Every structure is written in C-alpha cells, then in structure tokens.
Amino acid sequence: MEEVDVEPTTTAIPGVDSNRKHLGFVWGPGDILVYETIYKASGVSAGGCPFVHEVRKDEDICSPILRKLFNESHRIFVGLQGIRDDLPSKNKKPQFVSISKNYRSVIRACMEELQQVAVAAQDTTLATQYGNQVSILLAVELIWNLCEVLFIDAAPAGSLLLHLLDWVRLHKADVDEKARDVLQSESPTEHQAYWDVVVSYVLQGRMDEARQVLMKQAALQPAARAMFKLLDNLLIKMPIFNPSGAQTLTEFDVKWRHWHEEVDRCLQDQSFASNHHLEVICKILVGDEDVLLEHKELLSTWYHFLVTRLLFSHPTVKPTELHYYAQSSMHMFLDNRSVPEPLDSILLAAFEFDIHQVIKDCSIALNNWWFVAHLTDLMDHCKLLQSHNLHFGSNLREFLLLEYASGLFTHHSLWQLAVDYFDHCPEFGRVYLELQIERVPLDTERKALKVLRICEQRQLTEQVRSICKIMAKGALRNNRLGSALSWSIRAKDAAFATLISERFLQDYCASGTFSDLDLIDNLGSAMLLSDRLTFLGKYREFHRLYGEKCFSDAAKLLLSLMTAKIAPRTFWMTLLTDALPLLEQKEVIFSSDQTHELMFCLEELTSEKTTAKPDRPTQDEDIDTTKIEILRLALARNLAKAIVKEGTVDV
C-alpha cells in the first residue's frame, strides 16, 4: 500500500475528549458514526456517552445551491458519454472544448449565486461558509480553465499565450472595477489608483484600454504630449499574434523582435526619463523582471507574473517550455519565506503537463470528488490519461466516478444522478449500483416505484425482488392487503403471496366481502404464482359468475375447486355453504354426478373433523352439526331432482 502524501487533518468533535475517552466508530457510505466507549484492559467495552456523532466529509452535498452544480454537471456528463469513439480526433476536439466550457459555465453560475447569498446573509457563520465555498469554486474554475487551455484545446506556440492571457484576465477581473471607480471620479487623473489602473491594463496586455486611460493624462500635460504620443505609438505597434491570419509564427517573431528593439532604444535614449510613470510602463514593455516584481500587488499571483513575463519576453513560448518558465516565475515571485499553497502546486503540475499529479493533488486538497471525477472523465475521453490499472483493480477514471457517485447515493434526491455515473463504469459500476440501490430508503410507494423502475431497466433481478418484498411487508403491516399482494406478485414471492391470500380469505370469512376487487379480478396469469393465490382468484371468479346469474358455470367452478384440491381443506365448509343457494334453486344446477361428488367432499370433511378434533367446544360443534345436516338435506333433495330430471324423456 502506498504511503499517504500528507498527514490527514484532525477533526475535533464538540463535547468529546479523545484523550480521556476511548472512541469507537463505524464507517458509513458517506460519513462515519463515532461514539464513546469505556475501554477496559480485558477488551470488554461498556456503554459510554449516550450520543452518537456523525462525522461527514462532504458538506457540499447538503447545499441547495451546490446541488444545482451536481444536477447541471450530470446533464453535461451524460452528453459527453454519447460522443462516438470512432470519430476522428480532429472532429471531437471542438466538442470536448465546448463541453469543458459548459462545465466551467456551470461552476461560474453557482459561484455567482453563492456570492449573492453570502452578501445577503445576516448570519456571520453562514456568510463565512458561503464565502469559503466561493473561494473553492474560484480555485476549481481556475484549475479547470488552465487544464482546458493546456490539455484539451492544446494550443500551439503563438496561440498558447493568447489563451493564457484570456485565462489571467478572466480570473483577475478587479482591474475593470478599479478602472470604473477612477473614471467615474471627479478628477480621474488625480485619483490615487489612476496609475495602478494604467499599469494593470498593460500587465494584462490590454493596450487599447491602457491608451484610453492614458489619453486623459496626456490632455492635461501639453508640454509632455510628445512623450505620451511616443508611448502611445509603442502600445499601438505592439504585435499580437493572429492564429487565423496569414502571418506565420516566424514572421510574427521577427516583427515582435523589431518592436522590442524599438522599445529598448527608447529606454536607452531615456525618452521617458522625465516622467517616472511612463518610464515604468516602458520598462514593463521591454520585459524588465525587476520592475515586474516591484508590482507584485497589482499582479497578485505568480501565475499572473508568469503570463505577463511571457507576454513581454517570450510571446512565442512553446508548450514544452512552459514548465521552465512556470517554475522560475514561482520561485522569483514567492520569496523564501513564502510556502506554496496547494493551489500553487496544482497549477505548477498543470504547467509541467503532469495531469496525473493535478488530479492527485486536487483529490487531496478538495473536500469532495466532483471536480476530479468530471475532469478525469473528460481527460479520459480526450485520450490524455495513461490507461494503466490501479493496484485496487480499476482505472483512474472509473475509481473517481465510483467514489463520486457513492457520495451522491447518501443524499435523499441526488442518488438518482448517481445511477447514470455507475452505468458508465463498465468494470465495477453494476456491482456498486447493486450494493448502493439497496440502501436507498423506501419512504414512499412513489419512491419505491422509481427505484424499482431503475432496477428493472438494468435487469437487477435480486434487487427487484428485495424491494418488492420490503414494500409488500410494509403494506401488510399497515393492513393494505391489495398493495401487499401487488408487491408480492411483482417480487414473484410465492410464500408471501400465499400468506396474503390467506389474509384475504380470512377477511372474507369474517366480513363476507372481498376488498380490492379490481386487483383480484385482474390477476390473470399472476394467480399461478401459488396455489392459494390461484384459489383466491378462482373463488372470486365463482362469486362474479354467481352475481351474473351464470349458475351452471359457477357450480362447475365451485366443484372443481374442491375436487382438484385447489381449495384448502379449511375452506371446504365455506365452499359447501356457498353451494347451498345453488342446490336450492328451482332449476337443477348440479347434476347427479356432481351432487355425488359434493356429498363425497362433505363426508370426507366430516370424517376428518370427528377424528382430528374430538375436544372442540360444544357450541361450535352444534353450529357445524347444524350446517352439515342442512347441507345433507339440500344435497339429498338436489340429487332426487337431478335423478328425476335426468330420467325424464322429453316427448
């Protein structure tokens, strides 16, 4: 097993002193249950504190705003899986870039909403929590955007710097806000932040904006107009590579070097010596690293310094050269006393084109699997990950998707999203789904049907049976026999269907009517699941035929239930009693043969009763004796009528 890269953070549990009390714990799918024990030398534990503490790693899953991130990114993820593998890489690259931008737009939308909520929050603790989430999303989008530029779009020399400039401008947007404050003031040129705005625009390569702000100063200094005009010309002339133009990279490089030499000559000629601010701008244009480092506050980060340094010193930098400039820029920008933050290490790994290290460091630094799972999936589709198996059996993409989806399954509604993630994990996805789907609490019948549909679509036979059994038992506990029977039929559970059928028959004996007639009337082939269920369905059919005055068919069915041994012996007396109205009809319903069979069933039943239960109470015995005598009398009369009818010849 590999050693951990960093020491795990310590989580303090309020009210628990781990130095004095021994703690026990149980792992859950997304959390840990921790409890106090009284530990003894013999190893026996006795009850400690009555509280059980839930320690959860991923709090983001509980945030309503971040749930939008999970929902929207799920839609993008499913769309990504639909891209055909057999398409040429050139055709797929624009699609992958578009999908990456969609992911980033979802991150940014959630970030903006969190910022609004944080500002509006009255509770300081809540505002801090939202602020922390905004900071995390800012870092996540920064990393994702850089990975998009370096790995997915894979811009070549020339275009690479343009993409990096856009990356810095997007994540260093405070310049525009500061410029607005300056330009909206009564006297912009005297504003304390005026020159900071000009320099900031230049550092980001936004020469047009810098020139517009500089013109306000030039208009107020007629004597220095020539100096301002000279700098304005230098800013206008600065070559910018155009990937879609006819100019080659070599031609651009020659043109840029001529411009750079011209700026350097102006500096050597001391053309701006009389104006310190203009001289500083000129030194920035020539790429003076000492001057750049003097403006750390405006650059704010080493990676902004890196991009500015490349803009004015190495605009045709190749992707393979980036790691050298990134390392040196970070060391130059961060003094020896500064310790690189996790974000710095992640960005440096990206500039070194070590995507595995980026994923590894993000997994350690971030508090959930959302980012690494989706980024790794996209990188895998771009064929940018080495397809080696991990020592625990799965590849990196599948491992991260499984971890992320398992976390979603702990949420009461997000578990539905996790199903699609498991579906797209070919090696272990089905196994994980089988284990996780059984843990979904079946609070309502609607939710159970939703889970059942998911299982049926994926032929998860055992899980279908398990869910149906759970729901059937729950319905039976609540005396909802129809629902219980329906679930047991779906589970194909013959034993439970027999038990519920017995309950239906008991209720009929007690009340004289059937409940849930629609279900029983439409059992169809499902009644063959068990003998008792078959009897229930056929017995109900007898009542329906009797109600429709189809006496002959009803009589045949009633007799067949006993002679074919479908009806339980305990129910024979009820069936014989049901035969009485048919025996008493004016028209002969039962033939002599059928009547003999009924008599045989009655005698068989009475002989069993006298031998099996000699100690029954007198009152019950009297009732049964009365019934038997009535039945014998009715059968004898019907037999006589049947013999007469069958012996009569029509003339």
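In this report, we go over the structure that sits alongside the text. Here the structure is a predicted model, which is why all the values come from computation and not from measurement. (Residues numbered from 1 in each chain as written. Predicted model: local features only at pLDDT ≥ 70, side-chain atom pairs only at ≥ 80, totals over all residues. Heavy atoms only, no water.)

**Some thoughts on the environment of Ser159**
Step number 1: In this fold, Ser159 is placed in helix α4 (residues 159–171).
Step number 2: Of the residues examined, Ser159 reaches a relative accessible area of 11% and is grouped as buried. (Helix = DSSP H or I, 4+ residues; strand = E, 2+ residues; numbered from the N terminus. Buried < 20%, exposed > 50% of the residue type's maximum accessible area, 1.4 Å probe, protein only.)

**Re helix α17 (residues 370–381)**
Structurally, the α-helix is built with 3.6 residues per turn, so residues lying three or four positions apart point the same way.
Step number 1: For α17, spanning 12 residues, the distance from its first C-alpha to its last is 17 Å, which sits close to the expected 16 Å at 1.5 Å a residue.
Step number 2: Of all 12 residues that make up α17, 11 are buried, and the element is covered over most of its length.
Step number 3: Residues of α17 that are buried include every one of Trp370, Phe371, Val372, Ala373, His374, Leu375, Thr376, Asp377, Leu378, Met379 and His381, and no others.
Step number 4: Two residues or fewer after α17 comes Lys383, characterised by a positive phi angle close to 60 degrees. (Expected span 1.5 Å × (residues − 1).)

**Topic: the environment of Ile520**
Step number 1: Relative to the helices and strands, Ile520 is located in helix α25 (residues 517–521).
Step number 2: For Ile520, the residues in contact, after removing those within four places along its chain, are Phe504, Phe514, Ser515, Leu536, Gly537 and Arg540. (Contact = heavy atoms within 4.5 Å.)

**A look at helix α15 (residues 342–351)**
Step number 1: Buried residues dominate α15, accounting for 7 of its 10 residues.
Step number 2: Within the sequence span of α15, burial applies to Asp344, Ile346, Leu347, Leu348, Ala349, Ala350 and Phe351.
Step number 3: Within two residues after α15, Phe353 carries a phi angle of roughly 60 degrees, on the positive side.

**Regarding unusual backbone geometry**
Step number 1: Backbone geometry at Ser300 places phi at a positive 70 degrees, although glycine is not the residue there.
Step number 2: If you trace the backbone, Ser300 turns up in the loop between α12 (296–299) and α13 (302–313).
Step number 3: Accessibility expressed as a relative area gives 39% for Ser300, which makes it partly exposed.
Step number 4: The backbone phi angle of Lys492 is positive, close to 55 degrees, even though this residue is not glycine.
Step number 5: Along the chain, Lys492 falls in the loop between α23 (481–491) and α24 (494–511).

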